[in-house]
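Secondary and tertiary structure notes
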Amino acid sequence: MHNTLKFSLAASALAAALGAQTVAHAQDKVLNLYSARHYQTDEAMYEAFTRTTGIKINRVDADDAGIVARLRAEGAASPADVIMLVDAARLASADSQGLFQPIKSAKLDAAIPANLRADAGPDGVTWTGFSTRARVIVYDPMRVKPADVATYEQLADPKLKGMVCTRTGSHPYNLSLFSTVVERLGDQKGEAWLKGVVDNMARAPKGGDTDQIKAVASGECGVALTNSYYVARLIKSSKPEDRAVMDKVRVVFPNQGTSGTHVNIAGAAVAKHAKNRDNAIQFMEFLASPFAQDYFANGNNEFPAVKDLKVANPAIKAMGGDNFKAETVPLGAVARNMTKVQQMLDRVGYK
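These numbers come from a predicted model, not from an experiment. (Residues numbered from 1 in each chain as written. Predicted model: local features only at pLDDT ≥ 70, side-chain atom pairs only at ≥ 80, totals over all residues. Heavy atoms only, no water.)

**Re the pattern of salt bridges**
Just so we agree on the cut-off: The salt bridge criterion pairs a side-chain nitrogen of Lys or Arg with a carboxyl oxygen of Asp or Glu, the two atoms within 4 Å.
Here the structure, examined in full by the defined rule, presents 17 salt bridges. Beyond isolated ion pairs, a larger network of salt bridges with shared partners links R37, D42, R133 and E302.

**Quick word on the state of the cysteines**
Here, the word disulfide means a covalent bond between the sulfur atoms of two cysteines. The cut-off we apply is this: Two cysteine sulfurs form a disulfide in these notes if their separation is within 2.5 Å. Helix and strand assignments follow DSSP, with helices taken as H or I runs no shorter than four residues and strands as E runs no shorter than two, numbered in order from the N terminus. Burial classes follow relative accessibility: with a 1.4 Å probe on protein chains only, a residue under 20% of its type's maximum area counts as buried, one over 50% as exposed, and anything between as partly exposed.
According to the stated counting rule, one finds 1 disulfide in the structure shown. At a sulfur-sulfur separation of 1.9 Å, the disulfide partner of C165 is C221. Judged by the sign of its S-S torsion, about -80 degrees, the cystine formed by C165 and C221 is left-handed. On the criterion of sequence distance, the pair formed by C165 in strand β7 (residues 164-165) and C221 in the loop between α8 (209-218) and β8 (223-227) is long-range, its members being 56 residues apart. For the pair formed by C165 and C221, the shared burial category is buried.

**Quick notes on helix α15 (residues 338-348)**
Basically, it comes down to this: Arc definition: directions from the helix axis to the C-beta atoms. Here, two residues are considered to be in contact whenever any of their heavy atoms come within 4.5 Å of each other.
Those residues of α15 not exposed but buried are M338, V341, M344, L345 and V348. The buried residues of α15 occupy one face: seen down the axis, they fall within an arc of 110 degrees. Along α15, exposed side chains directed more than 90 degrees from the buried face belong to T339, D346 and R347. Looking at the buried side of α15, the elements it contacts are α4 (88-96), α6 (172-185), α7 (187-199) and α14 (331-336).

**Topic: the pairing of strand β2 (residues 30-35)**
The line we're drawing: Two strands form a pair only when DSSP identifies at least two bridges running between them.
Burial analysis of β2 places 6 of its 6 residues in the buried class, the great majority of the element. Burial along β2 is two-sided: the face carrying V30, N32 and Y34 and the face carrying L31, L33 and S35 are both buried. Inspection of the sheet shows β2 paired to strand β3 (residues 56-61) by 6 bridges, in the parallel sense. In the strand pairing of β3, Y34 is matched with V60.

**Some thoughts on the confidence of the model for the chain**
Here is the rule: Within a predicted model, pLDDT stands for the predictor's per-residue confidence, ranging from 0 to 100.
Confidence in the prediction of the chain, expressed as mean pLDDT, is 90, and 92% of residues score 70 or more. With pLDDT under 50 throughout, residues 1-27 is counted as low confidence; its partners more than four residues away or in other chains account for 41 contacts.

**Quick word on the layout of surface pockets**
To keep it simple, the criterion reads: Two kinds of site are reported from a 1 Å grid over the protein atoms alone, namely cavities, where a 1.4 Å probe fits but cannot get out, and pockets, open sets with protein on both sides within 12 Å along at least five of seven lines, and residues are called lining when an atom falls within 4 Å of a point. Grid points are joined across faces, edges and corners, and a volume is the space filled by probe spheres set on the points.
Approximately 570 Å³ is the volume attributed to the largest pocket. What lines the largest pocket is a set of 25 residues, among which F303, P304, K310, F324 and A326 lie closest to the centre. Counting residues per element, the ones that place at least two in the lining of the largest pocket are β11 (303-304) and α13 (314-318). Volume-wise, the second largest pocket comes out at about 160 Å³. As for the second largest pocket, its lining consists of D64, A65, V68, A89, R90, S93, A94, Q97, P172, L175 and M338. Elements represented by at least two residues in the lining of the second largest pocket include exactly α3 (64-74), α4 and α6. A per-element tally of the lining of the second largest pocket places α4 first, with 4 residues.

**Points about the packing of aromatic side chains**
As a reminder, the rule being used: Stacked, edge-to-face and tilted are the three classes for Phe, Tyr and Trp ring pairs, Trp counted by its six-membered ring, which pair at centre distances within 6.5 Å; planes under 30 degrees apart are stacked, over 60 edge-to-face, the rest tilted.
Applying the stated criterion across every chain, the model contains 11 aromatic pairs. For the ring pair F49 and F286, a centre distance of 5.2 Å and an interplane angle of 55 degrees mean the geometry is tilted. One end of the pair, F49, is in helix α2 (residues 40-53); the other, F286, is in helix α11 (residues 277-287), and 237 residues separate them in sequence. Residue F286 is classed as buried on the basis of its relative accessible area of 13%. Measuring from centroid to centroid gives 5.0 Å for F303 and F324, while their planes differ by 65 degrees, and the two rings are edge-to-face. Linking F303 in strand β11 with F324 in the loop between α13 and α14, this pair joins segments that are 21 residues apart in sequence. Classification of F303 by relative accessible area gives buried; the value is 8%. You can call F324 buried: its relative accessible area is 17%. Grouping aromatic residues by their ring pairs yields a cluster made of Y46, F49, F283, F286, F291 and Y295.

**Notes on the environment of A36**
On the secondary structure map, A36 appears in the loop between β2 and α2. Measuring from C-alpha to C-alpha, the distance between A36 and L71 comes to 13 Å, with 35 residues separating the pair along the chain. Residues in contact with A36, not counting those within four places in the same chain, are A62, D63, D64, I67, M84, L85 and V86.

**Some words on the packing of α6 against α15**
Helix packing for two helices is described by the angle between their axes and how far apart those axes are. Applied cut-off: To obtain each axis, a line is fitted to C-alpha atoms, and for helices this fit is confined to the stretch in contact; angles are then taken between N-to-C directions over 0 to 180 degrees. Throughout, the term roughly parallel applies to angles under 35 degrees, roughly antiparallel to angles over 145, roughly perpendicular to angles from 65 to 115, and oblique to all others. By the convention adopted, Pro, Cys, Tyr, Trp, Phe, Met, Ile, Leu, Val and Ala count as nonpolar, Lys, Arg, Asp and Glu as charged, and the other residues, Gly among them, as polar.
The contact between α6 and α15 brings their axes to 9 Å, and the two run at 100 degrees. One finds that α6 runs roughly perpendicular with respect to α15. Residues L175, S176, F178, S179 and V182 of α6 form the contact with α15, whose own contacting residues are M338, K340, V341, Q342, M344 and L345. A class-by-class count of the residues in the contact of α6 with α15 yields 7 nonpolar, 3 polar and 1 charged.

Here it is, written out as structure tokens:
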């Protein structure tokens, strides 16, 4: 069994204890994991890793921003070995702050497509995606035809005037999508597209992805952006109100005839000052195993990152996501666009 360590920036004593333990027992079979994933099904995955390898996991749970703040505060004294974050934008930001170290792994190179990893350098790769989630379009079939929302580009079509709803534009889920569109269209066309989306909004951006789905079901919006696993959660829900929401909306995996649907990642990296580096790399390779990939896919309704690996998830199948075409734009390239795209969002008034 692993020890679950609850996050607190004030818990300096805990950090000191972990650091002392790492120094005193450098050869012990332990792994200190800082994770922004808070899904109960991941617990069984970690326990299986410990049973298989004998490596005990000490885990710190926090959100992405909290983990990054803690790593910066701890510096070289940090006990962290592996960092798990959700979203390429957040991984790229932490990487740019020098919080990760590159690793070389033939197993990861063979299992994970290059577009789901950071750009490789001479010393290896700094972060790797282990599960994906699609950025889909949800629409009201009473107001919108599926042909009118077949692509992300159509979100800027005047035909959807007063219908589009999203969460804030600078949220990492949207920022990653927008950076990908700009990578494909170029700066000028990409910014014009963002302006068109703003012009089509039904109301100012607010709430999370589930709120966008519910807003379409209530008639407040005609079209919305959401990550696919939020849709799957509502499909699998036993609550009548959630089932009622899904009865009123439809889902599109955009750009199936062109570039493919945008996918983002949950990923991991070896910490810059990892004291248990070999254990960390072994854990990273475990995350790419079919066993772990199945937990990612069925536990949180995500898609496997491993090439050609299929999993059976009835909610994903119900939304039409069991065999969709995903884009192949490298997320490393997307990450480099994010500062530029944030400036575009400011210029076009995307809140």
